[in-house]
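# Tertiary structure, described
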Amino acid sequence: MLSDFVDMLFPRSCLTCSSLLEKNEEIICVQCRYALPKTNFHLEEDNELARKFWGRIPLKHAFAYLRFVKTGKVQVLLHHLKYYGKQEIGEMLGRWYGNDLKKSQLATQFDLILPVPLHPSKLEKRGYNQCDSIARGMAEGLSVAWDSGILVRQKANVSQTRKDRVERWENVANIFYITKPEKVKGKNILLIDDVITTGATLEACGLPLQNAGCQSLSIAGLAVAW
Ligand SMILES: [Zn+2]
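Residues numbered from 1 in each chain as written. Predicted model: local features only at pLDDT ≥ 70, side-chain atom pairs only at ≥ 80, totals over all residues.

## Focus on the overall build of the protein
Heads up, the rule is: Only runs of H or I of at least four residues qualify as helices and only runs of E of at least two qualify as strands under DSSP, and these elements are numbered from the N terminus. Computation of the radius of gyration draws on C-alpha atoms alone. For the globule rule, the value is 2.2 Å times the number of residues to the power 0.38. For every residue pair, C-beta atoms are placed from the backbone, and the pair is scored as a contact if these atoms sit within 7 Å.
Looking only at helices and strands, the protein has nine helices and seven strands in total. Radius of gyration (C-alpha) of the protein: 19 Å, near the 17 Å computed for a compact globule of 226 residues. Its C-alpha atoms put the protein at 60 × 40 × 30 Å along the principal axes. Pairs at least 24 apart in sequence give 72% of the contacts found in the protein among residues at least 6 apart.

Shown next, in the form of structure tokens:
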């Protein structure tokens with residue numbers, strides 16, 4: 001009843017079309033939810049995202065929830081998630097996606113969900129990693145555990161100016177490392193990113209996970225942009 005009263009005083013509106021939200025709607029209205037540009041990559045094993053990683057790193061599954069289009073609904077949602085502290089957006093979309101994957105019998109494919117860690121200087125500035133909220137939502141939707149303390153990012157890159165090319169690649173490839181290899185060994189890992197473009201970050205994250213002896217590696221993005 002109190003929420004009815006609050007709604008009357010401060011009507012909530014849809015983030016992507018500004019129409020008034022019904023009581024059972026959160027952040028976006030039902031019309032906008034069903035208009036989201038889903039990739040449905042999880043319905044096709046050799047989808048275009050999976051093909052991007054061929055010859056780079058072996059993946060069990062590769063999928064992404066939405067297509068990122070500049071000036072579209074996904075752009076608005078991600079902008080608010082990344083820059084306006086709206087972590088509930090990541091949780092909501094992650095939960096919806098997790099539910100979709102679960103309905104397609106994919107929940108049993110994963111033992112542990114790991115978010116791609118944010119650069120420490122960005123984390124300090126923003127105060128949160130947007131991938132954590134996506135991972136949290138997906139963990140809930142899939143009923144799979146998640147952990148943000150296992151895969152971590154080095155504090156600062158060693159200065160690259162005086163390095164040759166091979167050393168530079170090693171420097172980039174070693175940005176990510178595993179704090180507790182025993183938690184990864186023998187596990188089917190699902191790595192989560194917000195927007196996948198070239199896939200270079202996911203590839204760099206995958207190396208230490210494979211070195212730590214994970215059983216399989218899969219990746220999921222909230223969106224793809226290319
Ligand atoms: Zn709407």
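## Considerations on the pairing of strand β6 (residues 188-196)
Applicable threshold: Each residue is classified by how many other C-beta atoms fall within 10 Å of its C-beta atom, where C-beta atoms are placed from the backbone; a count of 20 or more means buried, 12 or fewer means exposed, and values in between mean partly exposed. One bridge is not enough; two strands pair if DSSP finds at least two bridges between them. Note on handedness: a crossover is taken as right-handed if, strands pointing away from the viewer, the path from the first strand over the helix to the second is clockwise.
With seven of its nine residues buried, β6 lies for the most part within the structure. Summarising the sheet, strand β2 (residues 112-115) and β6 pair through four bridges and their orientation is parallel. Paired with Leu 114 across the bridge in β6 is Leu 191. As judged from the eight bridges shared by β6 and strand β7 (residues 216-224), these two strands associate in the parallel manner. By the bridge assignment, Ile 189 is partnered in β7 with Leu 217. Handedness of the β6-helix α9 (residues 200-211)-β7 crossover: right-handed.

## Brief notes about the sheet that holds β6
Defined as follows: For helices, the fitted axis covers only the stretch in contact; all axes are lines through C-alpha atoms, and the angles between them, taken along N-to-C directions, range from 0 to 180 degrees.
Read across the sheet, five strands follow the order β1-β7-β6-β2-β3 without closing on themselves; strand pairing throughout is parallel. The sheet is open, and its two edges are formed by β1 (62-67) and β3 (145-146), each paired on a single side. Bridging between β2 and β3 involves two bridges; their strand directions are parallel. What sits directly across from Leu 112, in β3, is Ala 145. This element, α9, spans β6 and β7 of the sheet and lies at about 165° to β6.

## A short note on helix α5 (residues 87-103)
We count it as follows: Multiplying one less than the number of residues by 1.5 Å gives the expected span of a helix.
The end-to-end C-alpha separation of α5 is 24 Å, in line with the 24 Å expected for 17 residues at 1.5 Å each. Those residues of α5 not exposed but buried are Gln 87, Ile 89, Gly 90, Glu 91, Met 92, Leu 93, Gly 94, Tyr 97, Gly 98 and Leu 101. Contacts made by the buried residues of α5 are with β1, α4 (73-83), α7 (130-142) and β7. At the exit of α5 stands Gln 105, carrying a positive phi of roughly 60°.

## Here's the deal with the environment of Ala 50
Topologically, Ala 50 is positioned in helix α3 (residues 48-52). A C-alpha to C-alpha distance of 47 Å links Ala 50 and Met 8, two positions 42 residues apart in sequence. Setting aside chain neighbours within four positions, we find Ala 50 in contact with Glu 45, Leu 59 and Ala 62.

## Some points on the domain arrangement of the protein
Applicable threshold: The split into domains, and so the bounds of each, comes from an automatic or database assignment of domains. Under the convention adopted here, Pro, Cys and the residues Ala, Val, Leu, Ile, Met, Phe, Trp and Tyr are nonpolar, Asp, Glu, Lys and Arg are charged, and Gly plus all remaining residues are polar.
Along its sequence, the protein is carved into domain 1 (1-35) and domain 2 (36-224). Here the C-alpha centroids of domain 1 and domain 2 sit 30 Å apart. Contacts between domain 1 and domain 2 engage seven residues on the former and eight residues on the latter. A breakdown of the residues in the side of domain 1 that touches domain 2 according to their chemical character gives four nonpolar, one polar and two charged.

## Remarks on the environment of Cys 17
Structurally, the position occupied by Cys 17 is in the loop between α1 (2-9) and α2 (30-34). Residue Cys 17 is classed as partly exposed on the basis of its C-beta count, with 13 C-beta atoms lying within 10 Å. Aside from chain neighbours lying at most four places away, what touches Cys 17 is Cys 29 and Cys 32.

## Let's talk about the environment of Leu 36
By secondary structure assignment, the location of Leu 36 is in the loop between α2 and α3. Distance from Leu 36 to Val 74, taken between C-alpha atoms, is 7.3 Å for residues 38 residues apart in sequence. Beyond its immediate sequence surroundings of up to four residues, Leu 36 is in contact with Leu 66, Lys 73 and Val 74.

## Comments concerning the nonpolar core
Quick reminder of the rule: Here a nonpolar core is just a set of buried residues of the types Ala, Val, Leu, Ile, Met, Phe, Trp, Tyr and Cys, joined wherever their C-beta atoms sit within 7 Å.
Judged by nonpolar contacts, the single largest core of 50 residues is most densely connected at Ala 64, Ile 113, Leu 191, Ile 192, Leu 209 and Ala 223. Elements that contribute at least two residues to this core include exactly β1, α4, α5, β2, α7, β6, α9 and β7. Beyond its immediate sequence surroundings of up to four residues, Ala 64 is in contact with Thr 39, Phe 41, Leu 49, Ile 196, Ala 220, Gly 221, Ala 223 and Val 224.

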